[in-house]
Amino acid sequence: MEGMLRFSRRVFFVVLSVAVLLLAGCADSTPTGTFTADKVSGKTFAYSSAGSTGTLAFNADGTWSTTIGTSTFSGTWNITNGKLVCVTTAGGDHTITYTLLTTTSNSMNASFDEVNPADPNNPVAGTAAFTATFTTGQVSGKTFTHASTGARGTLAFNADGTWSTTIDTATFGGTWSIINGQLVCVTTSGGNHTLTYTALLSDDTTAIHTSVVEVNPADPANPTTYTATLALNQLLTSSRSSLEPIFFVHISDTHLDTKTATNTGLSTDGVDLTQSGKALMNALITEVVPVINPLAIVHTGDMTEKGYIEETWQTYSNLLKSSILTSYPNYVDIVGNHDVKVQNPLLDYEAGLQNFLLYSQTASRYGYTTLESSVGTVRLIRTNTAASTSANPQTRNMENIIGNFPASQQQALLNHPDRNQPVALNVVLGHSPVAESYIPYVPGTNIGQYMFQITDGNGRMKQLIDEFKAPIYLSGHVHAHGLEWLGNKSLVVRADTFGAHGKQATFYLVAYDFEAMSPAVKLVNIDATKPNTVEWPIVFITTPANSALGNTASYSGGNPNAQPFTTGQTIMLKTMVFSPETVTSVEYSIDDGLTSSPLAAVRNSYGRVWAAGIPLAGLSAGSHSVTVTATRSNGTTGKDSISIVIN
């Protein structure tokens, strides 16, 4: 039930069109309470007013969006003097102020005044009810920790409408559905009881609080009632198949900013950095990650545009704290050159690093982060490639832009007290990319050519990667996505900026599959200006190794881990499929052929891993494409393609 927790943070709030508001009656009730951010931020509500109903997503970044009938609205929200103030920025520029009147265990009743800027002297008044509710997207494909009256366990809700759980030593299974905003679970294994969960109001931002009515068909007149808390599983390993690869969501360079008297908050290209990165981060964290459920989200630096503005760091920290990340701890961030900028020339490097250490999720300058996966321990080696300590702040800034990874840091990581602990996989993280071909720095030349390498320490970083036998190096900095092989060993992944180009961006899915013994990479588009920020389903082939992966000028041979096959072989094809809705079919084709063959869902993978054997008989020598297409219940499709070579 922990997956439910993540999603119950999306709040559905009441934003009514003028037509609906005009139908609402005037409110004469006296306020008995106040709104607080925790009452609504990231929570889910159904609303009703004057016969109209709908839902509203009340996001942790101070934005909201809703659909009422066929009309859609969105805007910003805040709490002012205990009142909830919603301003519509899409669908009108009205300001709606809600005053809390009364509350029950699972609902709030409010009066409102709506001001139309075209007629500010004649506000529209009315009342509305907000009821805590469950939605299918909150639970489908998710896993929760369930705690009630001393009993504790995990419960997995599968996308096909089935669930399974272990509570203490007892196991149960059955079917689930959402009926009138309540979560209804029927046990078909371990008894035929019906459990109906009702979401309750709560200021808790880390769990869904519920009341439960359990009916035993042998004694239907005497149901059992109790309360239960649904919290996000801390490691999320219970829903992982052993055939599932280790994979991450990789982002970089959000460049969050704050408007001040001396700072516009705009990029040199005119992008509003106070909004774009926040919108993308909120969409990723609250909508995408709960469906994808990676081992970790990795942010490779430049969280902020100007690291010396503390308000920006507070925005970043609050965004993480008020999102699912309060219960999803596997979020790792590292230092970027913008994060350590100083405004006062008298301040040294340590002063520039202070805000990162205070507000980042991984509040240390470099080190190890270990994560437990279905195949063993994964170690993330966090580096700081903006480590210049030059006394001159201008020189320091320049050296951090072109990359600085000192020998002292390399030795500290190599001699870490946990260095010899056994791990299944090492992955190195750095803000600046590592280059296979190094360009010696010439002062006074265009710095752009040096940003694809660590100008002071490129060789040291390559040595670090080799020492740890890390097949993947995650980076950012250059604001352009790309891949590069370091010799025939490690893949450098460069994530694009996640905000500096606006509210449309990309992120990487980066995997290591032990079946293929190779990295796998998928670039995903995300658009925070749309209600559906990504195109579902997402298909991600991880086996066999993609022979064309990273086929760049620096390594024209493609993936060094991709071994050629022969026509007599049958090879394993394995793909991950992510969707908030049921996936009805997954098929593959060779060379875009007219015929396709099905893949089967891997048992106990919760519909995430699909596999098939591909016979290669009849294929000619040379390169061939393999394409997997997944179809959802609503008819939408997603694809991924790789290349294989046959001798």
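As shown above, the structure is provided for reference.
My aim in this report is to walk through the structure given alongside it, one point at a time. (Residues numbered from 1 in each chain as written. Predicted model: local features only at pLDDT ≥ 70, side-chain atom pairs only at ≥ 80, totals over all residues. Heavy atoms only, no water.)

Within the chain one finds ten helices and 35 strands. For the chain, the proportion of its 647 residues judged to be buried stands at 55%. Accessible surface, the chain: about 25,400 Å² in total, of which carbon and sulfur atoms supply 50%. (Helix = DSSP H or I, 4+ residues; strand = E, 2+ residues; numbered from the N terminus. Buried < 20%, exposed > 50% of the residue type's maximum accessible area, 1.4 Å probe, protein only. Areas by Shrake-Rupley, 256 points an atom, 1.4 Å probe, with all protein chains shown as cover.)

The next point concerns the sheet that holds strand β34 (residues 622-632). Strand order in the open sheet made by the four strands is β31-β30-β34-β35, with antiparallel pairing throughout. The open sheet has two edge strands, β31 (597-598) and β35 (637-646), and neither has a second partner. In terms of strand pairing, β34 meets β35 through ten bridges, oriented antiparallel. By the bridge assignment, V628 is partnered in β35 with D640. (Pairing = 2+ DSSP bridges.)

Burial analysis of strand β27 (residues 518-527) places eight of its ten residues in the buried class, which makes it a mostly covered element. As defined by bridge partners, strand β26 (residues 504-513) adjoins β27 across ten bridges and the pair is classed as antiparallel. Residue T506 lies in a different strand from β27, and its bridge partner there is N525. Turn length for the β26-β27 hairpin, with the two strands adjacent in sequence and antiparallel, is four residues, and the turn residue M517 shows positive phi of about 55°.

Geometrically, the link from W536 to P537 is a cis peptide bond, its omega value of 0° lying close to zero. Note on placement: P537 falls in the loop between β27 and β28 (538-543). T543 connects to P544 through a cis peptide bond whose omega is 5°. Tracing the backbone through its elements, the reader meets P544 in the loop between β28 and β29 (570-578). The backbone of H255 sits at a positive phi, close to 55°, despite the residue not being glycine. Following the sequence through the fold, H255 ends up in the loop between β17 (246-251) and α5 (276-292). Relative accessible area serves as the criterion here: at 2%, H255 is assigned to the buried category. With a phi angle near 55°, M517 is a residue other than glycine that sits in the positive phi range. Residue placement: M517 occurs in the loop between β26 and β27.

An order of β20-β21-β22-β23-β25-β24 is seen for the six strands of this open sheet, with the pairing classed as mixed. Both outer strands of the open sheet, β20 (367-373) and β24 (482-486), are each paired with one neighbouring strand and no more. For this sheet, the mean inter-axis angle between neighbouring strands, taken without regard to orientation, is 20°. As judged from the four bridges shared by strand β23 (residues 472-475) and strand β25 (residues 490-494), these two strands associate in the parallel manner. Counted as the bridge partner of Y473 is V492 from β25. Packed on one face of the sheet, helix α10 (residues 458-467) meets β21 (376-382), β22 (425-429), β23, β24 and β25 and runs near 165° to β22. (Axes fitted to C-alpha atoms, helices over the stretch in contact; angles between N-to-C directions. Contact = heavy atoms within 4.5 Å.)

Time to look at the side chain of E484. Secondary-structure assignment places E484 in strand β24. Relative accessible area serves as the criterion here: at 10%, E484 is assigned to the buried category. At a separation of 3.2 Å, a polar atom in the side chain of E484 contacts the main-chain amide nitrogen of E436. (Polar contact = N/O pair within 3.5 Å; in protein donor to acceptor, adjacent residues only side chain to side chain.)

Here we come to α5. Compared with the 24 Å implied by 1.5 Å per residue over 17 residues, the 22 Å span of α5 between its first and last C-alpha is a close match. Along its length, α5 reaches its greatest deviation from straightness, about 35°, at L284. Summarising burial for α5: 16 of the 17 residues are buried, a large majority. Once α5 ends, the next one or two residues include N293, with phi positive near 55°. (Expected span 1.5 Å × (residues − 1). Bend = angle between axes of the 7 residues up to and from the residue.)

Right, let's talk about the pattern of salt bridges for a bit. One side chain can pair with another of opposite charge once the charged atoms of both are near each other. Counted by the stated rule, this structure contains ten salt bridges. One salt bridge connects R494 with E484, and the closest N-O pair in it is separated by 3.6 Å. With a gap of ten residues between them, R494 in strand β25 and E484 in strand β24 connect regions that are remote in the sequence. For D513, the salt bridge goes to K574, with nearest N and O atoms at 3.2 Å. One end of the pair, D513, is in strand β26; the other, K574, is in strand β29, and 61 residues separate them in sequence. The buried category is assigned to D513, whose relative accessible area is 2%. A relative accessible area of 2% places K574 in the buried class. (Salt bridge = Lys/Arg side-chain N within 4 Å of Asp/Glu carboxyl O.)

A grouping of V375, F514 and M517 is seen on the molecular surface, where their side chains present a nonpolar patch of about 240 Å² in accessible area. By relative accessible area, M517 is classed as partly exposed at 46%. (Patch = residues over 30% accessible without salt bridge, like charges linked within 9 Å, V, L, I, M, F, W, Y side chains within 5 Å.)

Between helix α6 (residues 310-321) and helix α7 (residues 349-359), whose axes approach to 10 Å, the crossing angle comes to 20°. In terms of orientation, α6 lies roughly parallel with respect to α7. α7 is crossed by α6, and the crossing has right-handed handedness. Residue-level contacts link E310, W313, Q314, Y316 and S317 of α6 to N355, F356 and Y359 of α7. Of the residues contributing to the contact of α6 with α7, the split by class is four nonpolar, three polar and one charged. (Parallel < 35°, antiparallel > 145°, perpendicular 65-115°, else oblique. Left-handed = near helix turned anticlockwise from the far one by under 90°. Nonpolar A, V, L, I, M, F, W, Y, C, P; charged D, E, K, R; others polar.)

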